[in-house]
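Architecture and fold: a report
Spelled out, the chains give:
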Amino acid sequence: MSYETILFSVDAGIARLTLNRPERLNSFTVQMHEEIKHAFDNALDGARVLVITGAGRGFCAGQDLSDRAVAPDASKTPDLGESLEFRYNPLVRRITTLEMPVICAVNGVAAGAGANIAFAADIVIAAKSAKFIQSFANIGLVPDSGGTWSLPRLAGLPRAMGLALTGEPLTAEKAEAWGLIWKCVEDAELGAATDAIATKFASAPTKGL
């Protein structure tokens, strides 16, 4: 299968998944979900660690609400519940149950489902310019893609409620200070910092990790 919305490779034990719709801040479409599922099902042989990142200036802006595959009938509202049940929730469960460490390198804005997919990883490294936004309340939704489970456990209930109800952006530096992520680094150092820990995990005892 050739991929159009992601880049995927495995080399020296490191699998790399890059969300590759930079013109749309790597927002998810049905096609992107299907391509990621195919990669996870068929192309992880030899991988001992998985790195997830985004192409361009953002990590992931969540769901692309203009994706007509979510609601092929233009007269109907997109069925986001169906998308959560059959696409986002299985994706988050897959990330959290992979038998290898998962590193998320957040290179820019991570909003909505994009933020919660990042928080599903085992290790999150973010560029200083990155921001995490629980944008759901702005469109009448509740945090999805594991957000209502992960946020209180990572940030504590008061901070999770503040993030969810206000939709205010959380800077990478504050996310590190609050303990939501492992490390915040200078933008120019994100690639090297991610590669260093991925290389370490690739040569470590995977089952133990």
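Keep in mind it's a predicted model, so treat the numbers as computed, not measured.

Here's the deal with the overall build of the protein chain
- Helix and strand counts for the protein chain come out as seven helices and 10 strands.
- Over its C-alpha atoms the protein chain spans a radius of gyration of 16 Å, differing by no more than 12% from the 17 Å that the globule rule assigns to 209 residues.
- By principal-axis analysis of the C-alpha atoms, the protein chain measures approximately 50 × 40 × 30 Å.
- Across the 209 residues that make up the protein chain, the buried fraction comes to 49%.
- Across the protein chain, every contact between residues at least 6 apart in sequence was considered, and the portion connecting residues at least 24 apart equals 69%.
- Looking at the protein chain as shown, the accessible area adds up to about 10200 Å², and 55% of this sits on carbon and sulfur atoms.
- The averaged location of the 23 negative side-chain charges in the protein chain is 4 Å from the averaged location of its 19 positive side-chain charges.

With respect to the pairing of strand S7 (residues 123-127)
- In terms of burial, S7 is a largely internal element, five of the five residues being buried.
- Judged by which residues are buried, S7 turns out to be covered on both faces: Ile123, Ile125 and Ala127 on one side and Val124 and Ala126 on the other are all buried.
- Pairing analysis gives four bridges linking strand S5 (residues 102-106) to S7, with the strands arranged parallel. What sits directly across from Ala105, in S7, is Ile125.
- Of the strand pairs in this sheet, S7 and strand S10 (residues 183-185) are connected by three bridges, and their pairing is parallel. Bridged to Ala126 within S10 is Cys184.

Quick word on the sheet that holds strand S8 (residues 131-133)
- Spatial strand order, S4-S6-S8-S9: four strands in an open sheet with mixed pairing. Only two strands of the sheet have a single partner each, and these edge strands are strand S4 (58-60) and strand S9 (170-171).
- Bridge count for strand S6 (residues 109-111) against S8 is three bridges, and the pairing is parallel. For Ala110, the partnering residue across the bridge sits in S8 and is Phe132.

Let's talk about a nonpolar patch on the surface
- A cluster of nonpolar residues, Leu65, Ile139 and Leu141, forms a patch on the protein surface that exposes about 260 Å² of accessible area.
- On the secondary structure map, Leu65 appears in the loop between S4 and helix H2 (80-97).

A look at the pattern of salt bridges
- This model, assessed by the stated rule, comprises eight salt bridges.
- A salt bridge links Arg24 to Asp64; its shortest N-O distance comes to 3.0 Å. Taken together, the residues span a long stretch of sequence, with Arg24 in the loop between strand S2 (14-19) and helix H1 (30-42) and Asp64 in the loop between S4 and H2 at a distance of 40 residues.
- We classify Asp64 as buried; its relative accessible area is 3%.
- For the salt bridge of Arg87 with Glu82, the shortest nitrogen-to-oxygen distance reads 2.9 Å.
- Given a relative accessible area of 18%, Arg87 falls into the buried group.
- One salt-bridge network, held together by shared partners, links Arg21, Arg24 and Asp64.

Re the nonpolar core
- Counting residues in each nonpolar core, the largest one holds 47 residues, and the members touching the most others are Leu50, Val106 and Phe132.
- Take this core: its biggest share by element is five residues, from helix H3 (residues 113-119).
- Excluding residues within four positions of it along the chain, Val106 makes contact with Phe59, Ala118, Val124, Ile125, Ala126, Ala127, Ala130, Phe132 and Leu190.
- Formed by 14 residues, the second largest nonpolar core is a distinct cluster that contains Val49, Ile103, Ile125 and Ile197.

Criteria and thresholds
Residues numbered from 1 in each chain as written. Predicted model: local features only at pLDDT ≥ 70, side-chain atom pairs only at ≥ 80, totals over all residues. Heavy atoms only, no water. Helix = DSSP H or I, 4+ residues; strand = E, 2+ residues; numbered from the N terminus. Rg over C-alpha atoms; globule rule 2.2 N^0.38 Å. Buried < 20%, exposed > 50% of the residue type's maximum accessible area, 1.4 Å probe, protein only. Contact = heavy atoms within 4.5 Å. Areas by Shrake-Rupley, 256 points an atom, 1.4 Å probe, with all protein chains shown as cover. Lys, Arg positive; Asp, Glu negative; His and termini not counted. Charge placed at Lys NZ, Arg CZ, Asp CG, Glu CD. Pairing = 2+ DSSP bridges. Patch = residues over 30% accessible without salt bridge, like charges linked within 9 Å, V, L, I, M, F, W, Y side chains within 5 Å. Salt bridge = Lys/Arg side-chain N within 4 Å of Asp/Glu carboxyl O. Core = buried A, V, L, I, M, F, W, Y, C linked by side-chain atoms within 4.5 Å.

Nothing here speaks to function; it is geometry throughout.
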